[in-house]
Amino acid sequence: VTVERVRAEFTRTFGHAPAVIASAPGRVNLIGEHTDYNGGAVLPIAIEARTWVAMRASGARHSRVVSTKWPDAPAFSMRSPTRTGTWSDYVAGPLAMLAESGVAVSEVDIAVESDVPVGAGLSSSAALEVAVAFAAASLGGAEPDAATLAKLAHRAEVEFVGVPCGIMDQHAAARAHAGHALHLECDTGHSEHVPFAQSVLVFDTGVARALRDSAYAARRDECHRAMHLLRDVFPGLRWLANASMDQVHEVRLPPPLLQRAQHVIEEHERVGQAVVALRATGHLPGALLYESHRSLRELYECSTPELDWFVEEAAGQPGVTGARLTGAGWGGCAIAVGTADGLREAAMTLAQAYRQRFAREPRWWITGATPGAEVEWRADEGPA
Ligand code: ADP
Ligand code: MG
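Residues numbered from 1 in each chain as written. Chains lettered and ligands numbered in written order. Predicted model: local features only at pLDDT ≥ 70, side-chain atom pairs only at ≥ 80, totals over all residues. Heavy atoms only, no water.

1. Let's talk about the overall build of the protein chain
So, step 1. Per the secondary structure count, the protein chain includes 11 helices and 12 strands.
So, step 2. Expected size for 384 residues packed as a compact globule is a radius of gyration near 21 Å; at 21 Å, the protein chain falls within 12% of this value.
So, step 3. Along the three orthogonal principal directions, the C-alpha set of the protein chain runs to about 65 × 50 × 40 Å.
So, step 4. The proportion of buried residues among the 384 residues of the protein chain is 56%.
So, step 5. Residue pairs in contact within the protein chain that sit at least 24 positions apart in sequence constitute 71% of those at least 6 positions apart.
So, step 6. Charged side chains of the protein chain number 34 positive and 45 negative; the gap between the two group centres comes to 3 Å. (Helix = DSSP H or I, 4+ residues; strand = E, 2+ residues; numbered from the N terminus. Rg over C-alpha atoms; globule rule 2.2 N^0.38 Å. Buried < 20%, exposed > 50% of the residue type's maximum accessible area, 1.4 Å probe, protein only. Contact = heavy atoms within 4.5 Å. Lys, Arg positive; Asp, Glu negative; His and termini not counted. Charge placed at Lys NZ, Arg CZ, Asp CG, Glu CD.)

Structure below.
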């Protein structure tokens, strides 16, 4: 997808040219899983797949949105934006939040183009929200500030769309830098850009577990309970990720809360170790990725046979230096890290073996760390 494609789509649909075009990437998390809602750290990169948004004030009573990937959504009005339950919520949400923050948002025409796979765990939702926020902020005459727009897009997903997600996705989509991972502390929102020069194979096992939502909610609840038991003894403790294993042992957390807490605490520490290593060498130590996976499998119990299979097989490939499941688990994607050529070779071998083993077609992508959201183009003379 390019500027030209989304511009052509916009012009074909609405009969006039757009005033601004912005884009935002999908993301994949290198390490730091199930840490976000426990106040811990994450380490995502922006991926090559992006979502593009072309926009212009409509001059009409309604806003209209089209997407090449999705059936048409009903027109909506920015004067009384309400949730419709369709994909346009991911567009109306950021617009409503921008209006609330004082940016002049009028009724708009919007065309969306994307090559971010939807529902694969690469956060097509945040890519769309953030691209909309950047385009609309630019259209409204505001200088798009990545951190502000990331927070705004996150609020849009939680409060407007109604998905209780952590802050990682929108911050990665809005704030990532090319050739860097984003080290984000989810308790404070503090972030830094850490050099990351390797390539990543994203391998979608194609297994969407029906129990994912309920299992995820159960883990959040377990972490919540562990936190309460810890706080009874250590009232100053604010987040589970900041507890120590000494504290966990002193409180005698019962299973499985003990295992969940141990994963969160050690996974948060692993992110810190990964950042130190990246700063020193630009490479992610494979051992950290394998330890993360083992912890997710054994302590957090969110892996699947397919994800375990991938990590084990990937570890035996010459082009791979480390691998683990990524995202919430219970199906979805795993990553392997290495060189682009090495990973490409490994991916073909792994995909072939996966088909034979599971009678299922995997999808895979190879990516480096790409830039976050950008205003790609603005009409110099404003609306023609
Ligand atoms: P993901 O893991 O990809 O973020 P979500 O369920 O969080 O999965 O978000 C996917 C939803 O975001 C889709 O169902 C759709 O409503 C919206 N969406 C994402 N990308 C697009 C797009 N290119 N066009 C229209 N809607 C999109
Ligand atoms: Mg999403």
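2. Comments concerning the site of ligand 1
So, step 1. Taken together, 14 residues lie near ligand 1, and Ser67, Trp87, Gly119, Ser124 and Ser125 sit nearest.
So, step 2. One of the backbone nitrogen or oxygen atoms of glycine 119 is found 2.8 Å away from an oxygen atom of ligand 1.
So, step 3. Within the side chain of serine 125, a nitrogen or oxygen atom sits 3.0 Å from an oxygen atom of ligand 1.
So, step 4. Taken by itself ligand 1 offers 570 Å² of open surface, and the protein chains cover 82% of this.
So, step 5. Looking at the shell around ligand 1, the elements that each hand over two or more residues are strand S5 (108–114) and helix H3 (124–139).
So, step 6. Counting residues per element, the shell around ligand 1 draws most heavily on H3, which supplies 3 residues.
So, step 7. Residues belonging to the shell around ligand 1 are distributed by class as follows: 7 nonpolar, 7 polar and no charged. (Near = heavy atom within 4 Å. Polar contact = N/O pair within 3.5 Å; in protein donor to acceptor, adjacent residues only side chain to side chain. Areas by Shrake-Rupley, 256 points an atom, 1.4 Å probe, with all protein chains shown as cover. Nonpolar A, V, L, I, M, F, W, Y, C, P; charged D, E, K, R; others polar.)

3. Considering the pattern of salt bridges
Close approach of charged atoms allows side chains of opposite charge to pair.
So, step 1. For the structure on display, the rule yields 18 salt bridges.
So, step 2. Ionic pairing is found between arginine 279 and glutamate 192, a salt bridge with its closest N-O pair at 2.9 Å. Here arginine 279, found in helix H8 (residues 257–281), pairs with glutamate 192, found in strand S7 (residues 191–195); they are 87 residues apart in sequence, far enough to count as distant.
So, step 3. Owing to a relative accessible area of 46%, arginine 279 belongs among the partly exposed residues under this scheme.
So, step 4. What makes glutamate 192 partly exposed here is its relative accessible area of 25%.
So, step 5. A salt bridge links arginine 297 to glutamate 298; the nearest nitrogen and oxygen atoms lie 2.8 Å apart.
So, step 6. You can call arginine 297 partly exposed: its relative accessible area is 34%.
So, step 7. Three or more residues are tied together by salt bridges with common partners; here these are Arg219, Glu222, Arg260 and Glu301. (Salt bridge = Lys/Arg side-chain N within 4 Å of Asp/Glu carboxyl O.)

4. Brief notes about the sheet that holds strand S12 (residues 374–378)
So, step 1. Here 5 strands make up an open sheet; going across it, the order is S4-S5-S3-S1-S12 and the pairing mixed. Across the chains shown, the open sheet's two edge strands, defined by having one partner strand only, are strand S4 (64–67) and S12. The mean angle between the axes of side-by-side strands here comes to 20°, regardless of whether they run parallel or antiparallel.
So, step 2. Here strand S1 (residues 20–29) runs beside S12; their pairing, made up of 4 bridges, is antiparallel. Within S12, the position partnered with alanine 22 by the bridge is valine 375.
So, step 3. Set on the sheet, helix H5 (residues 168–175) makes contact with S1 and strand S3 (44–57); between it and S1 the angle comes to about 125°. (Pairing = 2+ DSSP bridges. Axes fitted to C-alpha atoms, helices over the stretch in contact; angles between N-to-C directions.)

5. A short note on the packing of helix H10 (residues 305–315) against helix H11 (residues 340–358)
So, step 1. Contact geometry for H10 and H11: axes closest at 11 Å, N-to-C directions at 140°. As for how H10 packs across H11, the hand of that crossing is right-handed. Contact residues: H10 offers Pro305, Glu306, Trp309, Phe310, Glu313 and Ala314, while H11 offers Leu350, Ala353, Tyr354, Arg357 and Phe358.
So, step 2. For the contact of H10 with H11, a count of residues per class yields 8 nonpolar, no polar and 3 charged. (Left-handed = near helix turned anticlockwise from the far one by under 90°.)

6. Notes on the sheet that holds strand S11 (residues 363–367)
So, step 1. If you trace the 4 strands from one edge of the open sheet to the other, you get S9-S10-S8-S11, paired in antiparallel fashion. Among the strands making up the open sheet, the edge pair consists of strand S9 (320–325) and S11. The average undirected angle you get between the axes of adjacent strands in this sheet is 20°.
So, step 2. Of the pairings in the sheet, the one linking S9 to strand S10 (residues 331–338) comprises 5 bridges and is antiparallel in character. If you follow valine 320 over to S10, its bridge partner there is glycine 338.
So, step 3. Strands in contact with helix H9 (residues 286–298) are S9 and S10; relative to S9, the strand with the most contacts, it is inclined by about 20°.

7. Comments concerning the packing of aromatic side chains
So, step 1. Going through the model one piece at a time under the given rule, you end up with 7 aromatic pairs.
So, step 2. Each ring, one from phenylalanine 10 and one from phenylalanine 14, has its centre 4.8 Å from the other, and the planes form 55°; the classification is tilted. Within this pair, phenylalanine 10 and its partner phenylalanine 14 are both found in helix H1 (residues 3–14), separated by 4 residues, close to a single helical turn. Comparing phenylalanine 10 with phenylalanine 14 shows no difference in burial state: the two are buried.
So, step 3. One aromatic cluster is present, formed by Phe203, Trp309, Phe310, Tyr354 and Phe358 through successive ring pairs.
So, step 4. Arginine 219 extends its terminal NZ or CZ atom over the ring of tyrosine 300, reaching a point 5.9 Å from the ring centre. (Phe/Tyr/Trp six-rings, centres within 6.5 Å; stacked < 30°, edge-to-face > 60°. Lys NZ or Arg CZ within 6 Å of the ring centre and 35° of its normal.)

8. Observations concerning H3
So, step 1. With 16 residues, H3 extends 22 Å between its outermost C-alpha atoms, agreeing within 8% with the 22 Å of an ideal straight helix rising 1.5 Å per residue.
So, step 2. Counting buried positions over the 16 residues of H3 gives 15, a clear majority of the element.
So, step 3. With its phi angle positive at about 85°, glycine 141 sits one or two positions after the end of H3. (Expected span 1.5 Å × (residues − 1).)

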